[in-house]
Amino acid sequence: MNNADLYRKSNSLQKRDALRCLEEHANKIKWKKIGDRVIDLGCADGSVTDILKVYMPKNYGRLVGCDISEEMVKYANKHHGFGRTSFRVLDIEGDLTADLKQGFDHVFSFYTLHWIRDQERAFRNIFNLLGDEGDCLLLFLGHTPIFDVYRTLSHTEKWHSWLEHVDRFISPYHDNEDPEKEVKKIMERVGFSNIEVQCKTLFYVYDDLDVLKKSVAAINPFNIPKDILEDFLEDYIDVVREMRLLDRCNNNVGESVSIKFNYKVISVYARKLCLSLM
Ligand SMILES: C[S@@+](CC[C@H](N)C(=O)[O-])C[C@H]1O[C@@H](n2cnc3c(N)ncnc32)[C@H](O)[C@@H]1O
Ligand SMILES: CC(C)=CCC/C(C)=C/CC/C(C)=C/C(=O)O
């Protein structure tokens, strides 16, 4: 998932959900009077980082987008890195450098935390990025059929070796019956206050198979060589068909079908309160 241009062209679901999340929860953010420092974790091509500005006060201090992928950061800096906005490499599951610790008043992250294995480490890093009185707004995936498709393909002889580490790329909340409880528990352990976690079922409709294939390719985490990628995507669609996610009016066959699927997103708002004020 390093191709920023492909992601930019095929991220309509992610963009829609980030916007909805901001519309619903941005009013909870406790902006300071002036100079807010904001970080967006997992910025990819930077287009959602750019959207964030609409919800920020005009007199913000700085906006930093970060991503584990150098290619994404390079692209984001080229297309969106102007004025008070910049992008840098950061692994949210790694060690924070001293300049980042307590360096921000608000942490945002959209469609990224489900890629992280060590959830507690990521939440601890978010906590440590924040200064006292800081807050965060996060959105990530819970149960989603894409992960079932990966699993099914990983059990086939043809794709088994390419998808050997499939569990590495399945949301930690995909099989969890009560993700709200789990996330809240982790965040309490880390030290967050005023924790609000909501897991919602949403649906999305891809108008045709080609759009779905491009969206799947844009976030494909497996190292599948270019010359067999189309074959992989065809088999992916076959599994989607077997799961009966293609529009029934079209008898579940043919190219011009729409694909409707349900999935779960988890949104979180929480604060880091200074101990003496609690
Ligand atoms: C699906 S994209 C989300 C992009 C953007 N936030 C959006 O809403 O469209 C997820 C991004 O998270 C990044 N990512 C994955 N693991 C990460 C990590 N450990 N630290 C930082 N970024 C990570 C990926 O490189 C990718 O660009
Ligand atoms: C029908 C079906 C299985 C669709 C999957 C659609 C899709 C591309 C969902 C996005 C899932 C995801 C892991 C997004 C991301 O991390 O940005």
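- As recorded in UniProt, the protein goes by the name Juvenile hormone acid O-methyltransferase, listed as coming from Bombyx mori.
- As stated in UniProt under Function (literature references left out), the record for the protein gives "O-methyltransferase that transfers a methyl group from S-adenosyl-L-methionine (SAM) to the carboxyl group of juvenile hormone acids to produce active juvenile hormones in the corpora allata, the last step during juvenile hormone biosynthesis. Also able to methylate farnesoate to methyl farnesoate."
- In the Sequence similarities part of its UniProt record, the protein is described as follows: "Belongs to the methyltransferase superfamily."

## Observations regarding the site of ligand 1
Turning to step 1, where the next piece is worked out: In the neighbourhood of ligand 1, 18 residues make up the surrounding shell, with Tyr-7, Gly-42, Asp-67, Asp-91 and Phe-110 lying closest.
Turning to step 2, where the next piece is worked out: Gly-42 places a main-chain nitrogen or oxygen 2.7 Å from a nitrogen atom of ligand 1.
Turning to step 3, where the next piece is worked out: Within the backbone of Phe-110, an N or O atom sits 2.9 Å from a nitrogen atom of ligand 1.
Turning to step 4, where the next piece is worked out: Protein coverage of the free-state accessible area of ligand 1, which is 600 Å², stands at 95%.
Turning to step 5, where the next piece is worked out: Counted by class, the shell around ligand 1 contains 13 nonpolar, three polar and two charged residues.

## Details of the sheet that holds strand E5 (residues 130-141)
Sheets are built from strands paired through backbone hydrogen bonds, the pairs being either parallel or antiparallel.
Turning to step 1, where the next piece is worked out: Pairing is mixed in the open sheet, where seven strands are placed in the order E3-E2-E1-E4-E5-E7-E6. In the strand order of this sheet, the two ends are held by strand E3 (85-89) and strand E6 (193-206), each with one partner. Across the sheet, the mean angle from the axis of one strand to that of its neighbour is 15 degrees, orientation sign disregarded.
Turning to step 2, where the next piece is worked out: Sheet topology note: the E6/strand E7 (residues 259-271) ladder contains 12 bridges and is antiparallel. Counterpart to Lys-200 in the pairing with E7 is Val-265.
Turning to step 3, where the next piece is worked out: Contacting strand E4 (104-110), E5, E6 and E7, helix H2 (residues 12-25) runs over the sheet at an angle of about 140 degrees to E6.

## Focus: unusual backbone geometry
Excluding glycine, most residues fall at negative phi; most peptide bonds, likewise, are trans.
Turning to step 1, where the next piece is worked out: Positive phi values are uncommon outside glycine, yet Gln-102 reaches one of about 55 degrees.
Turning to step 2, where the next piece is worked out: Looking at the secondary structure, you find Gln-102 in the loop between E3 and E4.
Turning to step 3, where the next piece is worked out: Residue Tyr-111 is not a glycine yet carries a positive backbone phi of 55 degrees.
Turning to step 4, where the next piece is worked out: Here Tyr-111 shows up in the loop between E4 and helix H5 (119-129).

Conventions used here
- Residues numbered from 1 in each chain as written.
- Chains lettered and ligands numbered in written order.
- Predicted model: local features only at pLDDT ≥ 70, side-chain atom pairs only at ≥ 80, totals over all residues.
- Heavy atoms only, no water.
- UniProt positions renumbered as here; feature names shortened; annotations may be inferred.
- Near = heavy atom within 4 Å.
- Polar contact = N/O pair within 3.5 Å; in protein donor to acceptor, adjacent residues only side chain to side chain.
- Areas by Shrake-Rupley, 256 points an atom, 1.4 Å probe, with all protein chains shown as cover.
- Nonpolar A, V, L, I, M, F, W, Y, C, P; charged D, E, K, R; others polar.
- Pairing = 2+ DSSP bridges.
- Helix = DSSP H or I, 4+ residues; strand = E, 2+ residues; numbered from the N terminus.
- Axes fitted to C-alpha atoms, helices over the stretch in contact; angles between N-to-C directions.
- Contact = heavy atoms within 4.5 Å.

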